Structure formats: structure tokens, C-alpha cells
Amino acid sequence: MKKILVLLIAILVFSCNSSKNSDEKKIKIGATMLSMQNEFIVNIADEMQKKADELGAELIIVDAERSPLKQIEQVESFIAQKVDVIIMNPIEFEASSPAVTKALAAKIPIINVNSATSATPTAFVGSNDVESARIAMKYIAEKLGGKGNMVMIHGLMGQAAQLQREEGAKEVLKQFPDIKLLAQQTGEWDRAKSMDLMQNWIQSYGDKINAVFAHNDEMGLGAVKALQAVGLKDKVLVISVDAIKDALASVQKGELNATVFQNANQQGAGAIETAVKIAKKQPFEKEVLIPFELVTRENVGKYLK
């Protein structure tokens, strides 16, 4: 009996110590996101949480609410909390860069997810936004037969996705001199603001508009609604980026003509996987690029699963 009792005590002590060691070794990750009011960003955050739970890491997600200053303060808070790794979904290419510099100065690895900064982080997980615009603009050029008028709705000015999607769009426009860019303005990634913007353009240009390229689906759907309200949607092509659920449903109905699929699941999971590898001092890729895919009514079923 004494031997059994001693053995039980030993097992209990070992179990307690193992649990304590496990808690001590739990990786702590802080993540600051551009806006938790944006469906695509929420999709990334949700996937990050799933992957963190799966890998046994503690994840703290905060909403920067589209404020670069707030985002920098959140990174400073993560530094004070001594997290193992920081993940940042940058609001602006330049204005969010001090957050990267501060994290690295504090010797805390920082990963940019989905969007870039001018300051180089420890790693980047996302997609090449220039390519998304190339895909969208080539679709427009093909459907218009290389000739017509279009408008472009920009994302939040100064954010990497906005800058790169503008770059990709204008790169393709140079190849098609008979496609004229009538107007371009920011819709700030927002559906309602883009609907108002499109209404203004309809008043200015009327049926001269043949196509719309919106830097994200929220804005594309706003443009579709404005065009539908005046009976012009059937005459105007609208393509956007992200392939959120509402956009896929709209493509299926034949309203939004196309969207460019950006894989939120792979971006979110990839950011956490990279963070865990860095925290464990394992080899990791400094740049993980996930390809974009064109989604039309012909193949939308594949994405509606």
C-alpha cells in the first residue's frame, strides 16, 4: 500500500509540474487588426483564432478602428505585455510603420498580415495586391473589347492594398489606351460611402460609364446598388476584390459581374503558423504569398461551399 501511495503522489506531483510547465511555455501572440467592421478582416481574425486554439497559443486580438495612431499604441501595449510575437494588419503603408520599428527595437518579432508597411517586419503573410488589380482590369479589358470608359473606387488612401491595387490597375490601363479612366476616388473600403460616390458619378457621367473597378467587395456592392437604383446595372460591368459571402451571392445572382478571391483563411492561419514557428525558434518563411483567383458566375459555386 505504501508503494502504491508513493507512486500516486509522484504521479500527482509530476502532473502538476507538467501542467505548470505547459502554462509557462504557452506562446502569447498580440494581434492588431485594421477594422473589425470589415467582413474580410473579420474572416482573417476568425481564422487566426481557430489556428491559435489548434496550436495551443494564446491570442489577443484588438481592433485599431482604422486609426494608425491607435494601432501604434496597441503595439506599444503588446510590447509592455511582453508578448512573444505581434501580428499587425496594417492600416497604412507609412503611418503604421513606426509600430514595426518599435516592436523590432523591443526585440519582439512582428508579422504583417494581409497588408504591408514601408518598414520591413520579421515576416509577411498575405497576397500580392498588384496581381489582384491586374486580374480585375484584364477581365474588364476583355469584356469591353479593349475600348470604353470606366471609374475606379479606391480603398483607404495610403494603405498598401489601395496603393498596390491602383498600381496594378494603371499598369493594365497602359496596355489598353482606348479604355478611359473617367474618375477615381476613395470609398474608404465602405459600402455606403461607395454607393454615394457611385450615385455622384452617375449624375456626372450617366450612361458613359461602361465599367467599375472597386478595390474591395464592400465598395463593389455599393456601386452595384447605386447602378441598380437607376436601372443601369445591366449596362455596366462591376468587378471587385476579396470574394466575401455577400459578393459571392451577388455574383451568383448575376449582379456583381466578378470578384477576385483573396484567401482570408490561408492568410489568417498562415500568420499564426508563422508566429508559432518564430516563437519556437523554428525555420520560417519571411514572405508567404497566397495567389488570387478570378471568380465569375461560371465558377462561383466552387467558392460558395
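These remarks concern the structure in this document. (Residues numbered from 1 in each chain as written. Predicted model: local features only at pLDDT ≥ 70, side-chain atom pairs only at ≥ 80, totals over all residues. Heavy atoms only, no water.)

**Comments concerning the overall build of the chain**
- When you go through the chain residue by residue, the secondary structure sums to 10 helices and 12 strands.
- Seen along its three principal axes, the alpha-carbon backbone of the chain occupies a region of about 90 × 40 × 30 Å.
- Working note: accessible area of the chain is about 14700 Å², and carbon and sulfur atoms make up 52% of it.
- Of the side-chain charges in the chain, 36 are positive and 37 negative, and the distance between the mean point of each set is 5 Å. (Helix = DSSP H or I, 4+ residues; strand = E, 2+ residues; numbered from the N terminus. Areas by Shrake-Rupley, 256 points an atom, 1.4 Å probe, with all protein chains shown as cover. Lys, Arg positive; Asp, Glu negative; His and termini not counted. Charge placed at Lys NZ, Arg CZ, Asp CG, Glu CD.)

**Brief notes about the pattern of salt bridges**
- In this structure the tally under the stated criterion is 13 salt bridges.
- Measuring nitrogen to oxygen at the nearest pair gives 2.6 Å for the salt bridge that ties Arg-165 to Asp-129. On the criterion of sequence distance, the pair formed by Arg-165 in helix α6 (residues 160-173) and Asp-129 in helix α5 (residues 129-144) is long-range, its members being 36 residues apart. Pair check on accessibility: Arg-165 and Asp-129 agree, each one buried.
- For Asp-246, the salt bridge identified is with Arg-191, shortest N-O distance 3.0 Å. (Salt bridge = Lys/Arg side-chain N within 4 Å of Asp/Glu carboxyl O. Buried < 20%, exposed > 50% of the residue type's maximum accessible area, 1.4 Å probe, protein only.)

**Considerations on the sheet that holds strand β1 (residues 28-33)**
- If you walk across this open sheet you meet the 6 strands as β2-β1-β3-β4-β5-β11, and the pairing is parallel. Each end of this open sheet is capped by a strand with a single partner; those strands are β2 (58-63) and β11 (287-289). Pairs of neighbouring strands in the sheet enclose a mean axial angle of 15 degrees, with direction left out of account.
- For strand β4 (residues 110-113) and strand β5 (residues 123-126), the ladder comprises 3 bridges, and the chain directions are parallel. Counted as the bridge partner of Val-113 is Val-125 from β5.
- Where helix α10 (residues 264-279) meets the sheet, its contacts fall on β1, β2, β3 (85-88), β4, β5 and β11, and the angle it forms with β5 comes to roughly 160 degrees. (Pairing = 2+ DSSP bridges. Axes fitted to C-alpha atoms, helices over the stretch in contact; angles between N-to-C directions. Contact = heavy atoms within 4.5 Å.)

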